[in-house]
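Commentary on secondary and tertiary structure
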Amino acid sequence: MARRILGVLLLAGLCQAASADQGEDFRTAYKAYGEHAAAGRTAEAKASAEEAYRLGSKLYGRNSANAAKLAINYARLLNDDAEYKKAARILRNKIDAMEEAYGAGSSELIPVLVETARARFDPKSPDDAIAHFRRASALLAADADVRYRGLKNYDIATELFRRGGTAWSRPFVEAAHAVFSGHLQPNDIRRGLMAYHLGLWTVGDERPDLALGHFEDALTAFETEGEMGDLERTVRMRLVDILERTGRSDEATAHCLALGATEIWRMPPRPLYMTYPRYPAEAFEGLSEGRVTLGFTIDEEGFVRDPRVLESTRASLDAGALVAVGGFRYAPQFVDGASVRTDGVTFTYSFDFSPSSRESGRRTEFMDGFDLSMPPPRGSMSGAR
């Protein structure tokens, strides 16, 4: 009996020693993960996170909340390296573990929902991932940390932009923008990005004045001294377009000049804003295609002056093309720091009036100006020749 008890005691001692060793190994791996992550050593951080997850799963139990948190750390790094299938496998059942530990309405679930959504997102089959993103965003709405609320929605939105999921980004853009507009400085690039994308959405809503305000906020964030960056250039082009569409050409001039002052002039120049011909059906009766080439001058403020027809396949197309090209805006050419007139610019409208085009109902951007009462022919535009 005494030997049996001694044997049990010895076995218990060995188990405690093994548990202590295992705990020490885990703490070493977890500490290394934290140090590598803080120093930006992503490869080393990922290896340490994997080891911490492996050891922690044994120490705490694979279905424990602690193991789930370790899985989130590891999966985040896998997702950052586009190892989505592996991340999804690591995160399997981890939402359930966090729900059991904290409850379905806890903000503790936000990281596991976001990383699971990142791992599962596929633009061809997005529903499951988007549902996780939306659930995370709903939990964020109740979080007391307002900045965290904005930043996590920003992370979701930018992930969708990067992965071809812009079509599903709007609620996250709106949630991030609502926070950023009140808590970030006007020149913060994150605030500018959300304002810019919200501007794109409101353009689609046909709310140009609201879109204009968002683009102006974005410009404040993107504008830099010296050489113009791509973000500033893009938002100024958007502002020219929306100001011209709403009949505010004078306000667009400042942006046309700013763009022209920082660009290397090339022929043919690309218009910042284009208008499209409007024709009655008889104008192209009997035609399968058409073409009108126009010549004009771009003045010092980017307006088209003295448009004229240089070449045309049918005279009935000329008047509409002349009116349309007269509404273009350009970034004017600059010489020695001053804008100048540029003569000899050309632009060609090309039309497809074929029956197959009309029957298919195919449209391109060119068709925006055609009467809705007529079947929309295909169209294309080409710049100066």
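This brings us to the packing of helix α8 (residues 146–162) against helix α9 (residues 170–183). At a minimum axis distance of 8 Å, the contact between α8 and α9 shows a crossing angle of 135 degrees. It follows that α8 is oblique to α9 by the angle criterion. Taken as a pair, α8 and α9 cross one another with a handedness that is left-handed. Where α8 abuts α9, its residues Val-146, Arg-147, Arg-149, Gly-150, Leu-151, Asn-153, Tyr-154, Ile-156, Ala-157, Leu-160 and Phe-161 lie against Phe-172, Val-173, Ala-175, Ala-176, Val-179, Phe-180 and His-183. Grouping the amino acids of the contact of α8 with α9 by side-chain chemistry returns 13 nonpolar, three polar and two charged.

Turning our eyes to something else, we now look at the pattern of salt bridges. Taken as a whole and judged by the stated rule, the model has 24 salt bridges. A salt bridge links Glu-159 to Arg-163, with the shortest nitrogen-to-oxygen separation between them at 2.7 Å. Judged by relative accessible area, which is 9%, Glu-159 ranks as buried. One salt bridge connects Arg-305 with Asp-299, and the closest N-O pair in it is separated by 2.9 Å.

The next subject is the packing of aromatic side chains. Throughout the structure, instances matching the rule amount to 13 aromatic pairs. Ring centres of Phe-26 and Tyr-30 lie 5.9 Å apart, and the angle between their planes is 25 degrees; this geometry places the pair in the stacked category. A residue pair is termed a helical-turn pair when its members lie 3 or 4 positions apart in one helix, as Phe-26 and Tyr-30 do in helix α1 (residues 2–39) at four residues. Centroid distance Tyr-30 to Tyr-33: 6.0 Å. Interplanar angle 45 degrees. Geometry classified as tilted. On the criterion of helical spacing, the pair formed by Tyr-30 and Tyr-33 is a turn pair, its members being three residues apart in helix α1. Accessibility expressed as a relative area gives 13% for Tyr-33, which makes it buried. Ring pairs connect the aromatic residues Phe-296, Phe-328, Tyr-330, Phe-347, Tyr-349 and Phe-351, which therefore count as one cluster.

What follows is about the confidence of the model for the protein chain. Mean pLDDT over the protein chain stands at 87; residues scoring 70 or higher make up 86%. Taken as a whole, residues 1–18 scores under 50 in pLDDT and shows zero contacts with residues more than four places along the chain or in a different chain.

Parameters and conventions
- Residues numbered from 1 in each chain as written.
- Predicted model: local features only at pLDDT ≥ 70, side-chain atom pairs only at ≥ 80, totals over all residues.
- Heavy atoms only, no water.
- Axes fitted to C-alpha atoms, helices over the stretch in contact; angles between N-to-C directions.
- Helix = DSSP H or I, 4+ residues; strand = E, 2+ residues; numbered from the N terminus.
- Parallel < 35°, antiparallel > 145°, perpendicular 65-115°, else oblique.
- Left-handed = near helix turned anticlockwise from the far one by under 90°.
- Contact = heavy atoms within 4.5 Å.
- Nonpolar A, V, L, I, M, F, W, Y, C, P; charged D, E, K, R; others polar.
- Salt bridge = Lys/Arg side-chain N within 4 Å of Asp/Glu carboxyl O.
- Buried < 20%, exposed > 50% of the residue type's maximum accessible area, 1.4 Å probe, protein only.
- Phe/Tyr/Trp six-rings, centres within 6.5 Å; stacked < 30°, edge-to-face > 60°.
- pLDDT = per-residue confidence, 0-100.

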